[in-house]
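Structural features, examined
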Amino acid sequence: MSHLLRLFNRHPLVGNMLLTGSLFALGDGLAQGAEEKVFSPKRMFLNGVYGGIVFAPIAHPLYQVLGRIHVRGSTLLSGAARTLVDQTLWAPVGVALYLAWVGAWDGGAAGAAARVRELWWGTLLANWAVWPILQGVNFTVVPPRARLAVSALAGVLWNGYLSWRAHSLRRTDK
């Protein structure tokens, strides 16, 4: 455990990439365990790659920028303002990016476009039902250096849902 804490202190981006990639893979593994008859290590691996190589390098600096948003004299309003920016600017892009990533595995550019077109709005609505409350707490109570890690930990079940949702087109197309 001390090695992990040292890694996060010395190289926070690398630590976040490793943690987030692992948790995206875990979320997919949970989704597959609950839904699929045949487990796909490739799918789990690609979810981990997305979390570590795509999501974390975007989210890490985003969380640094969000941490600079302050409403003078109010921790609660500062957290609410960060959450508002996160959910209005990042959430729509983040949902589309993940859906496009999964769609591209199955069908290249056409698969990516189809996945986003069919699933983006419903998935974004589900995001807005869950994440504003979680992020409100995260941006108000959690120290800035730990926010992405806390978000990734809280997101294991969300990542499972996201993976299940993103792969739902393939199930219905059969």
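Now for a quick tour of the structure. (Residues numbered from 1 in each chain as written. Predicted model: local features only at pLDDT ≥ 70, side-chain atom pairs only at ≥ 80, totals over all residues. Heavy atoms only, no water.)

Description of the packing of helix α3 (residues 41-66) against helix α4 (residues 75-141)
Axis separation between α3 and α4 bottoms out at 17 Å; the angle between their running directions is 40°. One finds that α3 runs oblique with respect to α4. Contacts between α3 and α4 involve Arg 43, Leu 46, Asn 47, Val 49, Tyr 50, Val 54, Phe 55, Ile 58, Leu 62, Tyr 63 and Leu 66 from the first element and Arg 82, Val 85, Asp 86, Trp 90, Gly 94, Leu 97, Tyr 98, Trp 101, Trp 105, Gln 135, Asn 138 and Phe 139 from the second. Residue composition of the contact of α3 with α4, by class: 16 nonpolar, four polar and three charged. (Axes fitted to C-alpha atoms, helices over the stretch in contact; angles between N-to-C directions. Helix = DSSP H or I, 4+ residues; strand = E, 2+ residues; numbered from the N terminus. Parallel < 35°, antiparallel > 145°, perpendicular 65-115°, else oblique. Contact = heavy atoms within 4.5 Å. Nonpolar A, V, L, I, M, F, W, Y, C, P; charged D, E, K, R; others polar.)

Details of the side chain of Asn 47
As for its placement among the helices and strands, Asn 47 is situated in helix α3. Residue Asn 47 is classed as buried on the basis of its relative accessible area, which comes to 1%. Residues within four places of Asn 47 in sequence aside, it is in contact with Phe 24, Ala 25, Asp 28, Tyr 98, Trp 105, Ser 163 and His 167. (Buried < 20%, exposed > 50% of the residue type's maximum accessible area, 1.4 Å probe, protein only.)

Describing the pattern of salt bridges
A full pass over the atoms with the stated rule returns three salt bridges. When the shortest N-O distance is used, the salt bridge between Arg 43 and Asp 28 registers 2.6 Å. Remark: Asp 28 occurs in helix α2 (residues 12-35) and Arg 43 occurs in helix α3; sequence separation between them is 15 residues. For Arg 43, a relative accessible area of 5% corresponds to the buried category. Given a relative accessible area of 0%, Asp 28 falls into the buried group. Salt-bridge contacts for Arg 115 lead to Asp 106; the nearest nitrogen and oxygen are separated by 3.0 Å. (Salt bridge = Lys/Arg side-chain N within 4 Å of Asp/Glu carboxyl O.)

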